[in-house]
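Observations on the three-dimensional arrangement
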Amino acid sequence: MTSAQEARLIIAASERDSNLYYATQFLAPDPFIFMEVHGRKILVMNELELDRARDQSTVDEVIPTSKIVEKLRKHGVKPITTSEIVHFILKERGVAKLLVPADFPIEYADALRAKGYPIRHKSDPFYEKRLIKNKKEIFLKEFSLRIAVFISSFIIPLVVFQAPYQILLWFK
């Protein structure tokens, strides 16, 4: 549970981070910033993924990275890093503390601690509700298992009948 001044923060690629995918329902190969501030889910996206994130994600707000970079330049911030972008948004929204997943990158954690943010980590699942599957998730799991069993019924006999021949070839 987060307090009024604490935000959840994930910086990762949703293709490899199930917590991030669960929170956003948006699949992307490159890392991006996700934060949950005062109950609002926010993505910070580069211009290449911006429109797709707006169309496909289930977040409340999608902010273009360029918009924040422009504001940081006006404030004379150099170099402009991911941590600076996060810090700017958090400061703008009155966030003082952070809750991050246990596998949160140390590079960002150190930079944000240096800016004065106390950081707590939470072990998986980062979102407890992930443990409870909805009807769609149950259907997809059942469907994928049925496909796996169906394909296995063809593959296993091939492997079983090929094994003796492969052993003979290996000894020749």
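The shown structure was predicted, so the numbers you read here are calculated from the model rather than taken from an experiment. (Residues numbered from 1 in each chain as written. Predicted model: local features only at pLDDT ≥ 70, side-chain atom pairs only at ≥ 80, totals over all residues. Heavy atoms only, no water.)

Focus: the overall build of the chain
Our working definition: Only DSSP runs of H or I covering at least 4 residues are called helices, and only runs of E covering at least 2 are called strands; the numbering of each starts at the N terminus. With a 1.4 Å probe rolled over the protein chains alone, any residue whose accessible area is under 20% of its type maximum counts as buried; one over 50% counts as exposed, and the rest are partly exposed. Here, two residues are considered to be in contact whenever any of their heavy atoms come within 4.5 Å of each other. Under the convention used here, a 1.4 Å probe and the Shrake-Rupley method define accessible areas, while residue burial counts only the protein chains that appear.
Regarding its fold elements, the chain presents six helices and six strands. Going from the N terminus to the C terminus, the chain shows its helices and strands as β-α-β-β-α-β-α-α-β-α-β-α. Going through the 172 residues of the chain one by one, you find that 36% of them count as buried. Within the chain, contacts between residues separated by at least 24 positions form 44% of all contacts whose residues are at least 6 apart in sequence. When the accessible surface of the chain is summed, it comes to about 11,400 Å², and 60% of that surface belongs to carbon and sulfur atoms.

A few points about the packing of helix H4 (residues 82-92) against helix H5 (residues 106-114)
For clarity, the threshold we go by: Every axis in this analysis is a line fitted to C-alpha atoms, fitted for helices over the stretch in contact. Angles between the N-to-C directions lie between 0 and 180 degrees. When describing relative orientation, an angle under 35 degrees is termed roughly parallel and one over 145 degrees roughly antiparallel, while 65 to 115 degrees is termed roughly perpendicular and anything else oblique. By definition, turning the near helix anticlockwise from the far helix through less than a right angle yields a left-handed crossing, and turning it clockwise yields a right-handed one. Charged means Asp, Glu, Lys or Arg here, nonpolar means Ala, Val, Leu, Ile, Met, Phe, Trp, Tyr, Cys or Pro, and polar covers whatever is left, Gly included.
Relative to each other, H4 and H5 sit at 50°, their axes nearing to 9 Å. By the angle class used here, H4 and H5 are oblique. Read as a crossing pair, H4 and H5 show a hand that is right-handed. Note on element contacts: H5 touches H4 through Tyr108, Ala111 and Leu112, opposite Thr82, Ser83, Val86 and His87. Residues belonging to the contact of H4 with H5 are distributed by class as follows: four nonpolar, three polar and no charged.

Quick look at H5
We apply this condition: Read the arc as the range of directions from the helix axis to the C-beta atoms.
Listed as buried for H5 are Tyr108, Ala109 and Leu112. Considered in projection along H5, the buried side chains sweep an arc of 100° and stay on one side of the axis. Along H5, the residues that are exposed and aim more than 90 degrees away from the buried face are Ile106, Glu107 and Ala114. In the core, the buried residues of H5 are packed alongside strand E1 (6-12), H4, strand E5 (97-101) and strand E6 (119-122). Immediately downstream of H5, the backbone of Gly116 shows phi near 100°, a positive value.

A few points about the sheet that holds strand E2 (residues 32-37)
Using the following cut-off: Pairing between strands requires that DSSP locate at least two bridges from one strand to the other.
Spatial strand order, E4-E3-E2-E1-E5-E6: six strands in an open sheet with mixed pairing. Looking at which strands have only one partner, the edges of the open sheet turn out to be strand E4 (61-64) and E6. Geometrically, the sheet is characterised by an average inter-axis angle of 25° between neighbouring strands, direction not taken into account. In this sheet, E6 lies alongside E5 in parallel orientation, the contact comprising four bridges.

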